[in-house]
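Survey of secondary and tertiary structure
Spelled out from the first residue to the last, the chains are:
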Amino acid sequence: MGKRCRVAALGATFALLVAACAATDPEDNPQAVRAATTTTSTSVAPVQFPDSLADASFVRAELPSGPCVAGDDAQVALFDAADGQELWSFSIPRPGGLTVLNGNAAFLSFAWDREQSPGVGAIDLAGRAPLWQRFLDELPEQMERAGDGLVVVTRSAIRSLDPADGSDNWVIGTEFDFTDVVIEDDVAYVLNSVGVNGIDLTSGRRQWQFPIERPDGLAAADGLVVIASGSRIAAVDVEAEALIWDDRVNRLGAGEVWVSPSAVLVELAPAESPAGGILAIDAATGIERWQLDEVDEIFWTGADQIVTSTAAPEFRGSEAWDLFAIDVASGERQWSMPVSAPASHSVVGVADGRAVVVDPHPAVAGVSRIRLIDTADGNVVWETSSVEAIDGASIEVGSFVTVHRTTDTLVGERGFAALIVSPNRSWGVTQPDGVEQAPLLTPHGLFVVSGETSAVCIGRELHTPGRTPLADESEVELSSE
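What counts as what
Residues numbered from 1 in each chain as written. Predicted model: local features only at pLDDT ≥ 70, side-chain atom pairs only at ≥ 80, totals over all residues. Heavy atoms only, no water. Helix = DSSP H or I, 4+ residues; strand = E, 2+ residues; numbered from the N terminus. Buried < 20%, exposed > 50% of the residue type's maximum accessible area, 1.4 Å probe, protein only. Areas by Shrake-Rupley, 256 points an atom, 1.4 Å probe, with all protein chains shown as cover. Contact = heavy atoms within 4.5 Å. Core = buried A, V, L, I, M, F, W, Y, C linked by side-chain atoms within 4.5 Å. Pairing = 2+ DSSP bridges. Axes fitted to C-alpha atoms, helices over the stretch in contact; angles between N-to-C directions. Phe/Tyr/Trp six-rings, centres within 6.5 Å; stacked < 30°, edge-to-face > 60°. Salt bridge = Lys/Arg side-chain N within 4 Å of Asp/Glu carboxyl O.

**Quick word on the overall build of the chain**
Scanning the chain from terminus to terminus reveals one helix and 39 strands. Put simply, the chain has 481 residues, and 52% of those count as buried. Carbon and sulfur atoms provide 49% of the accessible area of the chain, an area that totals close to 20400 Å².

Written out as C-alpha cells, the structure reads:
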C-alpha cells in the first residue's frame with residue numbers, strides 16, 4: 001500500500017495547496033535523456049505554445065470532414081470554488097484518466113486518439129494555458145510526483161519527466177511487461193515475472209532486487225515489501241535487503257495484499273472464507289493475528305484502520321447492511337453503523353480518518369444520502385442529500401468534499417461534479433459530455449476533466465455546462481466565512 005499524501009490550507013477567501021506526499025530487470029544505469037519539450041508521433045508536427053489562453057492549444061487529432069461528425073475533443077475546465085461559475089476551459093486530446101497536481105501545474109495523461117500517440121500534458125492553472133505536451137509509445141498507466149520529477153509508468157518503461165518542460169530525467173525499460181508498480185516516497189517497487197526491484201526515483205538506479213518465482217501481488221509500506229506468489233507470502237526488509245518471513249496462505253488467486261505498520265492483510269480464497277474474508281499476519285513476525293469473514297470490499301482510512309461492511313444484507317428494512325471500522329493491529333471492531341448499501345457501493349471516498357458514504361436514502365425514494373464520517377468514532381460530521389447519482393468523492397481541506405458521477409445514467413446529463421462544504425453550502429455543475437475522473441480542488445478552483453463531446457453538426461449550437469443544485473433545496477453559494 002503505497003503512500004498518498006495530501007496537504008492543504010484554507011486562506012482568507014479560499015486557497016488549497018495540493019502535494020502528492022512503476023523486467024526482466026530494470027537497468028542498473030538508467031538511460032539519461034533530455035528529450036525535446038514536445039515530441040510527436042510521425043503524424044503530428046511539433047508545436048510552440050503561445051502565452052495566452054485564447055491562442056494556446058494542445059496538439060489534437062484532426063476530426064474527419066463532413067457536415068456531421070462525432071466530436072472527439074475532450075476538455076478541461078476550472079470552476080470558481082466559491083460559486084461554481086466556469087472560469088475558463090479549453091480542448092485537450094482524449095484523456096487517459098490520470099491527473100497529478102503540483103503547485104500551479106496540472107499534469108494530465110492522454111490516450112490513443114486515431115493516429116495520435118498517447119502521452120502527458122501540463123497545464124499552468126495560474127496562467128490558464130498549456131505548458132507542454134509529450135507523446136509516448138504507450139499509454140501512461142500510473143503517474144506520481146516523486147523524486148525530482150513526474151514519474152510515468154507504462155507497460156514497458158518507467159520514466160521521470162522534468163515538470164518544467166516534460167523532458168526525460170531518466171528512463172528504465174524492460175523486455176517484459178511490468179505486472180505491478182508501487183511508489184513509496186522516493187522509491188518504486190517494480191514487480192515482474194521473476195521478482196521485485198527497488199528503484200531510486202531521484203536517479204533511476206536500481207537499489208536492490210529480490211527474486212521470487214511467478215509473483216502475482218505486491219504491497220509496500222514503512223520499509224516492508226510483501227510479495228505474493230500463489231499461496232506463498234514473502235516479506236522483505238528493504239533496509240536490510242533480507243527476507244524476514246515466508247508464509248503459506250489459502251489466498252484468493254491474484255487477490256489483494258495490503259501492508260500496514262502492524263500487519264499484512266491477505267484476501268482469502270472462497271474455500272477458506274466462502275462469503276469473502278481477510279487474514280491479518282503480523283508484519284514483523286509472520287504470525288497470523290486474526291481473521292475476518294463475511295465482509296465486503298475494504299477501504300484503508302488510516303495507517304492501521306480499515307472500513308468495510310457485512311457482505312450480505314439482513315432482513316431488517318432499508319438499512320440492511322452494517323458499515324464498520326476495524327483496528328488492523330487487533331482485529332477489533334471500533335464502531336458500526338447501518339447503511340442501505342454494502343461498502344463496495346456506498347464508500348466512495350476515504351482520506352486521513354474520514355470517509356464519504358453515499359447510499360440510497362432510507363426514507364426518500366430516488367434520493368441519495370451523502371454523509372461525511374469521522375472514522376475514529378463513526379460520528380457523522382455532516383449529512384446532505386442529492387437527486388444526482390454519485391459514484392466518487394475526494395475529501396479535501398477540513399470538511400470540504402468534492403463528489404462526482406462518471407457513469408451513464410438513464411435520465412439527465414452524464415457527468416456531474418459538486419463541491420460540498422456543509423449541508424447548506426454547496427454547488428454542482430453538470431457536464432453533458434461526462435466527467436472522466438475525480439475533479440481536483442486546487443488553489444485556483446475546481447479542476448474538471450470532461451470526456452468526448454456529443455455529435456456536432458454545422459449550424460448546431462453546442463450545449464454548455466450548466467449549474468444545478470445539489471439537493472432539492474435552492475442553491476446556496478459558498479462564503480469565505
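**A word on the environment of Thr 406**
Relative to the helices and strands, Thr 406 is located in the loop between strand E33 (401-405) and strand E34 (415-422). Separated by 15 residues in the primary sequence, Thr 406 and Asp 391 have C-alpha atoms spaced 7.0 Å apart. Apart from residues no more than four positions distant in its own chain, Thr 406 is found in contact with Asp 391, Arg 414, Val 435, Glu 436 and Gln 437.

**Some points on the environment of Leu 279**
Mapped onto the fold, Leu 279 is located in strand E22 (residues 277-282). Between the C-alpha atom of Leu 279 and that of Val 257, which follows or precedes it by 22 residues, the distance is 9.8 Å. Those residues in contact with Leu 279 that lie beyond four places of it in its chain are Val 249, Val 264, Leu 265, Val 266, Leu 268, Glu 288, Trp 290 and Gln 291.

**Here we look at the nonpolar core**
Among the nonpolar cores identified, the biggest contains 17 residues, and Leu 224, Val 226, Ile 233, Val 249, Val 259, Val 264 and Ile 281 are the most heavily contacted of them. Among the secondary structure elements, those contributing two or more residues to this core are strand E16 (217-221), strand E17 (224-229), strand E18 (232-237), strand E20 (257-259), strand E21 (263-267) and E22. No other element matches the three residues that E17 contributes to this core. Excluding residues within four positions of it along the chain, Ile 281 makes contact with Trp 245, Asp 247, Val 249, Ser 262, Ala 263, Val 264, Val 266, Gly 286, Ile 287, Glu 288 and Arg 289.

**So, the sheet that holds strand E5 (residues 105-110)**
Taken together, four strands build an open sheet; the order of strands is E4-E5-E6-E7 and the sheet is antiparallel. Every other strand in the sheet has two partners, leaving strand E4 (95-102) and strand E7 (129-135) as the edge strands with one partner each. Taking the axes of each pair of neighbouring strands and ignoring which way they run, one obtains an average angle of 20° across the sheet. Relative to strand E6 (residues 119-124), E5 runs antiparallel, the two being bridged by six bridges. Within E6, the position partnered with Phe 107 by the bridge is Ala 122.

**Quick look at the pairing of E16**
Most of E16 is tucked away: five of the five residues are buried. Because side chains alternate across E16, one face comprises the buried residues Gly 217, Ala 219 and Ala 221, and the other comprises Leu 218 and Ala 220, equally buried. As paired strands, E16 and E17 are joined by five bridges and run antiparallel to one another. Paired with Gly 217 across the bridge in E17 is Ala 228.

**What about the sheet that holds strand E15 (residues 206-211)?**
Strand order in the open sheet made by the four strands is E12-E13-E14-E15, with antiparallel pairing throughout. The sheet is open, and its two edges are formed by strand E12 (180-184) and E15, each paired on a single side. Sheet twist, expressed as the average angle between the axes of neighbouring strands with direction ignored, equals 15°. In the sheet, strand E14 (residues 195-200) pairs with E15 via five bridges, with the strands oriented antiparallel. Across the sheet, Gly 195 pairs through a bridge with Pro 211, a residue of E15.

**A word on the packing of aromatic side chains**
Tallied over the full model, the rule gives five aromatic pairs. Between Phe 58 and Phe 90, the ring centres sit 6.3 Å apart and the planes meet at 50°, which makes this aromatic pair tilted. On the criterion of sequence distance, the pair formed by Phe 58 in the segment before strand E1 (68-70) and Phe 90 in strand E3 (residues 86-92) is long-range, its members being 32 residues apart. The burial state of Phe 58 is the same as that of Phe 90; both residues are buried. Feature note: the residues Phe 58, Trp 88, Phe 90 and Phe 110 constitute an aromatic cluster, connected by ring pairs.

**A word on the pattern of salt bridges**
The final tally for this structure, using the stated rule, is 13 salt bridges. For Arg 369, the salt bridge identified is with Asp 359, shortest N-O distance 2.8 Å. Highlighted residues: Arg 369 in strand E30 (residues 368-374) and Asp 359 in strand E29 (residues 354-360), separated in sequence by ten residues. One exposure class covers both Arg 369 and Asp 359, and it is buried. Through salt bridges with shared partners, one network takes in Glu 319, Asp 359, Arg 369 and Arg 371.

**Looking at the pairing of E18**
The pairing of E17 with E18 spans six bridges and is antiparallel. Paired with Leu 224 across the bridge in E18 is Asp 237. The hairpin formed by E17 and E18 contains two residues between the paired strands, and Gly 230 there has a positive phi angle of roughly 65°. Here E18 runs beside strand E19 (residues 242-248); their pairing, made up of six bridges, is antiparallel. Counterpart to Ala 235 in the pairing with E19 is Trp 245. Here E18 hands over to E19 after four residues, with Glu 241 in that stretch at a positive phi of 55°.

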